[in-house]
Every structure is written in C-alpha cells, then in structure tokens.
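What follows is each chain in one-letter form.
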Amino acid sequence: MKNSVIKNSSLKGNKTKINENNKKTKKKSTFKLILKTLSPVKWLTALGILFAITCTILSLIGPRILKIMMDNVSSPDFNLQKINTIGLFLVCIYLVSMLFNYFEGFIMSKVSTTITKNLRTRISSKINKLPLKYFDSTSFGDILSRVTNDVDTVGRTLNSSITGIITNTTMIIAIPIIMFTISWQMALIALLEVPLAFGVVLLIVKFNQKYYIAQQKKLGEINGHIEEIFSSHNVVKAFNGEEKASIEFEKLNSQLRSSSRKAQFTSSLMHPIINTIGNIIYAVICLVGAYIAMKNNDIGFITSIMVFITYIKMFNQPLSQFGMLAGDLQMMGAAADRVFEFLGEEEQPDESEKTQTIENIKGKVEFKNVSFGYSKDREIIHNFSFTALPGQKIAIVGPTGAGKTTIVNLLMRFYEVNKGQILIDDVPIQDMNRSYVRSLFGMVLQDTWLFEGTIRENIAYSRQNATDEEIQNACKMANVDHFILTEPKGYDMVLSEDSAISQGQKQLFTIARTMVQNAPMLILDEATSSVDTRTEILIQTAMDRLMEGRTSFVIAHRLSTIKNANKIIVMKDGDIVEVGSHNELMAKGGFYKELYNSQFENGEDF
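Throughout what follows, the structure given in this document is the object of discussion. A quick note: this is a predicted structure, and the numbers were derived from the prediction, not measured.

### A closer look at the overall build of the chain
Then comes step 1: A tally of helices and strands in the chain yields 20 helices and twelve strands.
Then comes step 2: Out of the 606 residues in the chain, the part that is buried amounts to 45%.
Then comes step 3: For the chain, the share of sequence-separated contacts (at least 6 apart) that also reach a separation of at least 24 residues comes to 78%.
Then comes step 4: With an accessible surface of roughly 32700 Å², the chain has 58% of that area assigned to carbon and sulfur atoms.

Put into structure tokens, the structure is as follows:
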C-alpha cells in the first residue's frame, strides 16, 4: 500500500513537471512567434529602438548638466556667460530629446499597426484554408474575438511594451552609471532596489498569468454567445428565450469579470509594493548622503545629494514601469497564444500542383464504395455506391440524419472520404484541385447568403465577369426580374441587413446567382423550401429549364417536388435502401412509399 502511494505521488509529481515544462515551451514558442511577426518591420523597429535609447539618454544627461550649472552658480568664480551657455545647452538637449521621442512614437505606431494588419491578413487567409470540420467545433464568435480583440491586444501592447522595455532598460543601466560618478556609496544602496523590485515582479507575474489566459478565453466565449443570440434574435423572442439568454450571458459576464478582476488586482499590487521599496531606499540614501556631507564637512556635497535624489526618483520610474509592463505583456501573451493557436491549426493540404481537369465535361458522377464519418469513431456513410449518368436529375431523400447533405459535402470536397472514391467522368475528384471541383457545380442551399452590395454584385458573385445581359436573363429565369425593376435603383439597389427583402426573395437571388454561374452540374438543397406555393411553382419551372442537360443532385424534403426525377436515392442510416423513379418506388411499396404517404398524411417534411 505504501509503495502504491509513493508510486502515485511520483506519477503526480512527474505529471506536474511535464505540465510546467509544456507551459514553459509554449511561452518560448509564443515569444519566438511574436519576434517572427516583427521580422517584416525589423529595420523600422530597430530605428524606433535607436530613437528611444537616444531620447532616454539625452533626458538622463539633463540633471547631471544641471548639477554643473548649480556648482558654477555657487562657485566663488561666478561666470554668468558660462552659466547661460550651460543653460542653453541644457534646453537644446531637452528639445532634441523631445524631437527623438516624437519620431520614436511615430515609428512604433507604424510598427504596431503594420503588425496588426499583417496578423489580420494571415487570419483571413487562414480561415480560407481551414477545413469545415474546424468550424463545426468552434463558434464564430470565438473566431471573431481572435480577429478583433486578441489581435488588437497584441498590436496595442507591442506598441507600448517595446518602447517601454527599451526605455526602462536603458534607464536601469544608465542611471546607476551616472549615480556612481556622483557617489559610489549612495549608488550601491540605490542598486539594492533592483533585485527587490524584480523579485516582486517575477513573483506576481508567475502567479497572475493564469488569470490573463482565463480572461481572454472568457472574452472569446462571451463574444461567441452574443454572436449566437443576436444572429438568431427572432428565434429567441419567438420562444421566449430572453430570460435564459440573459442568465447565460450574466453567467459568462460574471466569469469574465472574476478573471479580469483577479488579473488586474494582482497586477495593481506591483506599483505600490515597488514604490514602497523605492521610498525606503530613498530615505536611506538621504540619511547616508547627509552623513557623508557632515563627516567630510562638504557643504557643496548638498548639491550632489539633490541631483542624486533626482536620479533616484527617475530610477524608481522604470522599476515601477516594469511592473505595469509585466501585466501588459501577460495580457499580450494570453492574446498571442490564442492568435497563434488559430494560425497553427491544421490546414487543408495544398493542391496547387494538381492540374488535372476534364475537357468537354459530360457530367457522369460515380460513388464507389464510399465510407465516411465526421469523427473516427462514428461512421455515417457505409459502403455507398451509385452512378449518375450525364444529364440526369438525381433526388436524394430520407429522414433527418440519413446522410443526404453529407453526400453533397463529399461531392464538393468539403470533407474527404475515409474509404472509396468519387469520380466525375471517370476521373477521381481527389486527383483534381478542390477549387476546380467546386467550380463544376452550381449550388443553391436552404440558407441564403447575401453580402452588403448591389443586387448586380450579389448575383455576379459566382462569376465576376458576367455581363449585364447575362445577369438580367438569370433574374428573369429565376422570376425575380420584376421585383428588381420595381425598385427605384433597379440592379444598383444596395442590399443590406435593413433591406426590406423577404426570405423568399433572398432565395430567388441565390438561384439567379447559380444561373449566372452556368456550371455543368447542379446541387440543390431544397432550394424552394423558403418560398410560398405560387413562387415555388415559378421557381420549379425555372429550375427545370436550368437543369436541362445538366447532371443535378436535389436534396428533397418535400417529396412532391421530385416526382419528375430520373432517379431517386432513398437513404436510411447512411445506406442506400432503394433506388428508382417515383412510380417504380411507389410500386415497390417500400421505405420510400412509407415516407411519401406519411408526409402527406401527417404533413411532415423529411
């Protein structure tokens, strides 16, 4: 039993050490990544650092020159011209220091904004390279928080921290050197403040980092919650979910407040503690200086003490600033971790070397023994095989969760198959660039998406070089041309969130967008689900014209819309259970007939 306890304790100890080593490794890698981020502006950063060092040194020389001027004032050989010259030189030093400080601020602002821009550009590029499975497990609000809050925190803190670190380090090195030229005894006492102050900073930083990490994490969670609630606010109101949403928000907000309070409170302890240490050192130096002046009977030493006290006050500043900088750097580190964690996510494989294309595409699509699961331990498509001949209209039906949309996702290479192959005109889609594969399909989904821009720009989104005539013809085929022409600005009408456009009209626009694309094959995921019966008939007629001569896959929920399909694939639990035309399947009296009859008897959609 005793050996078991010792063994468990040893395992826990080893685990703790491993976790600590992982944290240290993560901090080092984050620091390296931050330095790498600075590489595009390294010369500009170096110039800013040079200005900061020069500005600091010039400002530190001032009190020393002031001592020389005071010594001349109190000297028996009083020389007004010499004093005026020293005073003018002192003014010039302060003016030059101010000028250098201005240039340093301008340069570092440019550095921070450039880095912020570069990080946002990298994130934007990264989003386009991530597989869809990443977005299945990550909220849009959390991603948005990384793009905005975390990147802003990194850029803003870099602007202040680089300058602060360089300036304060220069002061900590230069001030003791100057103090030693005045009095080595008092300088040694002053240096006692350094290890004491840095000891306090390191202790608080080590304790406080977890709170800054929790703060940034909770900020991402609360942004995710807000994005989720606001984007579906009408649903929340319809089901009286305001109270539940408010309770959840209050919970997340309280957690964010708690972690922020702990982080800020602990950081705020640095300044008063370091100031207390500095005041004690300050008092000791005054006593020692007075003792030296009395012992040597040197009244002139009083001037040295006054200047030395000025430097002590200046010496306290960088020590206190390092405490504040430590808090800012911790916040930046937590934000940078989240940014670089996102940038380090696994991307879709680069396929720029894949140049395989299909000349004179006919539209034959074949699934060969395809198996797939969104996770390794749960397969939802089992050994799926099917062939769609060129120009056929293929309907895919089945209950919720049968795998209908998954088939389309695999066809468009949004996800890769686990086993088997998908071929277009006998060419495996894995051998073709995924962008090229997607260009072969026009797609209309249940969820409409329109961006803020003119109607013309929205419809031409699928093909930027589309002519006005092509756009207008597509709108006529989609039966949305009449609505556009009733608007004062017509095709130049700007669509936005507050535009008075119904869901059905939005769907018509997306259908027109697909018509403009003029792809050789089509995918329709219940494209008429959001329109009324009259509009559905008009769209269905337009769709029939659009699908003519094209291989089309229609995911159908309302079985009445796919009676004229060449083949209907009936799916259940990831398997094809029936294949045939509407009349053939009804005659079989199998699962399709059961679905069809239950839908019309009970008014259910599948």
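Let us keep going from here.
### Let's talk about the pattern of salt bridges
Pairing is possible between side chains of opposite charge, provided their charged atoms come close.
Then comes step 1: A full pass over the atoms with the stated rule returns twelve salt bridges.
Then comes step 2: Residue Lys126 pairs with Glu347 through a salt bridge whose shortest N-O separation is 2.9 Å. Note that Lys126 is positioned in helix α3 (residues 80–129) and Glu347 in the loop between α11 (301–343) and β1 (365–372), a separation of 221 residues in sequence.
Then comes step 3: Among the residues examined, Lys126 registers a relative accessible area of 4% and is labelled buried.
Then comes step 4: Judged by its relative accessible area of 36%, Glu347 is partly exposed.
Then comes step 5: Its salt-bridge partner being Asp468, residue Arg456 comes within 3.0 Å of it at the nearest N-O pair. Of this pair, Arg456 sits in helix α14 (residues 455–459) while Asp468 sits in helix α15 (residues 468–477), and the two are twelve residues apart along the sequence.
Then comes step 6: Since its relative accessible area comes to 41%, Asp468 is described here as partly exposed.
Then comes step 7: One connected set of salt bridges, linked through shared partners, spans Glu351, Lys354, Arg413, Glu416 and Arg434.

### Observations regarding the environment of Lys110
Then comes step 1: Secondary-structure assignment places Lys110 in helix α3.
Then comes step 2: Overall, Lys110 belongs to the partly exposed group, its relative accessible area being 46%.
Then comes step 3: Between the alpha carbons of Lys110 and Asn159 there is a distance of 8.7 Å; along the sequence they are 49 residues apart.

### Thoughts on the environment of Tyr491
Then comes step 1: Looking at where Tyr491 falls in the secondary structure, it is placed in the loop between α16 (481–486) and β8 (494–495).
Then comes step 2: Measuring from C-alpha to C-alpha, the distance between Tyr491 and Ile459 comes to 9.6 Å, with 32 residues separating the pair along the chain.
Then comes step 3: Once you skip the residues sitting within four places of it in the chain, Tyr491 turns out to touch Thr454, Ile455, Arg456, Ile471, Gln472, Cys475, Asp481, Ile484 and Leu485.

### Some remarks on the nonpolar core
Then comes step 1: In terms of nonpolar packing, the biggest core is built from 42 residues, with Ile562, Ile568 and Tyr592 touching the most fellow members.
Then comes step 2: Ranked by residues supplied to this core, first place goes to helix α17 (residues 503–517) with six residues.
Then comes step 3: Residues within four places of Ile562 in sequence aside, it is in contact with Ala395, Val397, Val554, Ala556, Ile568 and Tyr592.
Then comes step 4: In this structure, Phe384, Ile407, Ile424 and Val437 belong to the second largest nonpolar core, which totals 35 residues.

### A word on the sheet that holds strand β12 (residues 575–580)
The strands making up a sheet associate through hydrogen bonds between their backbones, and the pairing can be parallel or antiparallel.
Then comes step 1: If you walk across this open sheet you meet the six strands as β6-β9-β10-β3-β11-β12, and the pairing is mixed. Edge strands, defined here as strands with exactly one partner in the open sheet, are β6 (441–444) and β12. Each strand of the sheet is rotated relative to its neighbour by a mean of 20°, with strand direction disregarded.
Then comes step 2: Looking at chain direction, strand β3 (residues 393–397) and strand β10 (residues 551–555) are connected through four bridges and run parallel. The residue bridging Ile394 from the neighbouring strand is Phe553, located in β10.
Then comes step 3: Sitting on the sheet, helix α12 (residues 404–411) touches β3, β6, β9 (521–525), β10 and β11 (567–572), and the angle it makes with β10 is about 145°.
Then comes step 4: Where α17 meets the sheet, it contacts β6 and β9, and its direction lies at approximately 175° from that of β6.

### Overview of the side chain of Thr406
Then comes step 1: Tracing the backbone through its elements, the reader meets Thr406 in helix α12.
Then comes step 2: In contact with Thr406, not counting residues within four places along its chain, are Phe372, Tyr374, Ile380 and Ile381.

### Here we look at the packing of α3 against helix α5 (residues 140–182)
Then comes step 1: Axis separation between α3 and α5 bottoms out at 9 Å; the angle between their running directions is 155°. Comparing the axis directions of α3 and α5 gives the class roughly antiparallel. With respect to the hand of their crossing, α3 and α5 are arranged in right-handed fashion. Residues Glu104, Met108, Ser109, Ser112, Ile115, Thr116, Leu119, Arg120, Ile123 and Ile127 of α3 form the contact with α5, whose own contacting residues are Ile143, Arg146, Val147, Thr148, Val151, Asp152, Val154, Gly155, Leu158, Asn159, Ile162 and Thr163.
Then comes step 2: Looking at the contact of α3 with α5 residue by residue, the class counts come to eleven nonpolar, seven polar and four charged.

### Observations concerning the pairing of strand β4 (residues 419–424)
Then comes step 1: When β1 meets β4, the two strands line up antiparallel, connected through five bridges. Its bridge partner lying in β4, Ser371 is registered against Lys419.
Then comes step 2: Summarising the sheet, β4 and strand β5 (residues 427–428) pair through two bridges and their orientation is antiparallel. Its bridge partner lying in β5, Leu423 is registered against Pro428.
Then comes step 3: With antiparallel pairing between neighbouring strands as the criterion, β4 and β5 make up a hairpin whose turn holds two residues, including Asp425 at a positive phi of roughly 50°.

### Some remarks on the pairing of β3
Then comes step 1: Most of β3 sits out of view: five of its five residues are buried.
Then comes step 2: Both β3 and β11 contribute to a ladder of four bridges, which runs parallel. Bridge pairing in β11 places Ile396 opposite Ile569.

### Considerations on the packing of α5 against helix α6 (residues 184–191)
Then comes step 1: One can describe the packing of α5 onto α6 by two numbers: an axis separation of 6 Å at closest approach and a directional angle of 150°. Between α5 and α6, the angle is such that the two are roughly antiparallel. Only Trp184, Ala187, Leu188, Ala190 and Leu191 of α6 make contact with α5, whose side of the interface consists of Pro176, Met179 and Phe180.
Then comes step 2: Grouping the amino acids of the contact of α5 with α6 by side-chain chemistry returns eight nonpolar, no polar and no charged.

### Looking at the layout of surface pockets
Then comes step 1: Its volume calculated, the largest pocket comes out at about 2200 Å³.
Then comes step 2: Lining the largest pocket are 50 residues; nearest its centre among them are Leu132, Met412, Phe414, Met443 and Leu445.
Then comes step 3: Within the lining of the largest pocket, the residues separate by chemical class into 19 nonpolar, 20 polar and eleven charged.

### Re the packing of aromatic side chains
Describing an aromatic ring pair means giving the distance of the ring centres and the angle of the ring planes.
Then comes step 1: Enumeration according to the criterion identifies eleven aromatic pairs in this entry.
Then comes step 2: The interplanar angle of 70° and the centroid separation of 5.7 Å between the aromatic rings of Tyr134 and Phe342 together place this pair among those described as edge-to-face. Of this pair, Tyr134 sits in helix α4 (residues 132–136) while Phe342 sits in helix α11, and the two are 208 residues apart along the sequence. The exposure classification of Tyr134 matches that of Phe342, with both residues buried.
Then comes step 3: Where Tyr374 meets Tyr415, the ring centres are 4.9 Å apart and the plane angle is 85°; that geometry is what we call edge-to-face. With Tyr374 in the loop between β1 and β2 (381–388) and Tyr415 in the loop between α12 and β4, the pair connects residues that are 41 residues apart, well separated along the chain.
Then comes step 4: A relative accessible area of 39% means that Tyr374 is categorised as partly exposed.

Thresholds, definitions, all that
- Residues numbered from 1 in each chain as written.
- Predicted model: local features only at pLDDT ≥ 70, side-chain atom pairs only at ≥ 80, totals over all residues.
- Heavy atoms only, no water.
- Helix = DSSP H or I, 4+ residues; strand = E, 2+ residues; numbered from the N terminus.
- Buried < 20%, exposed > 50% of the residue type's maximum accessible area, 1.4 Å probe, protein only.
- Contact = heavy atoms within 4.5 Å.
- Areas by Shrake-Rupley, 256 points an atom, 1.4 Å probe, with all protein chains shown as cover.
- Salt bridge = Lys/Arg side-chain N within 4 Å of Asp/Glu carboxyl O.
- Core = buried A, V, L, I, M, F, W, Y, C linked by side-chain atoms within 4.5 Å.
- Pairing = 2+ DSSP bridges.
- Axes fitted to C-alpha atoms, helices over the stretch in contact; angles between N-to-C directions.
- Parallel < 35°, antiparallel > 145°, perpendicular 65-115°, else oblique.
- Left-handed = near helix turned anticlockwise from the far one by under 90°.
- Nonpolar A, V, L, I, M, F, W, Y, C, P; charged D, E, K, R; others polar.
- 1 Å grid on protein atoms, 1.4 Å probe; cavity = no way out; pocket = protein on both sides within 12 Å on 5 of 7 lines; lining within 4 Å.
- Points joined across faces, edges and corners; volume = space filled by probe spheres on them.
- Phe/Tyr/Trp six-rings, centres within 6.5 Å; stacked < 30°, edge-to-face > 60°.

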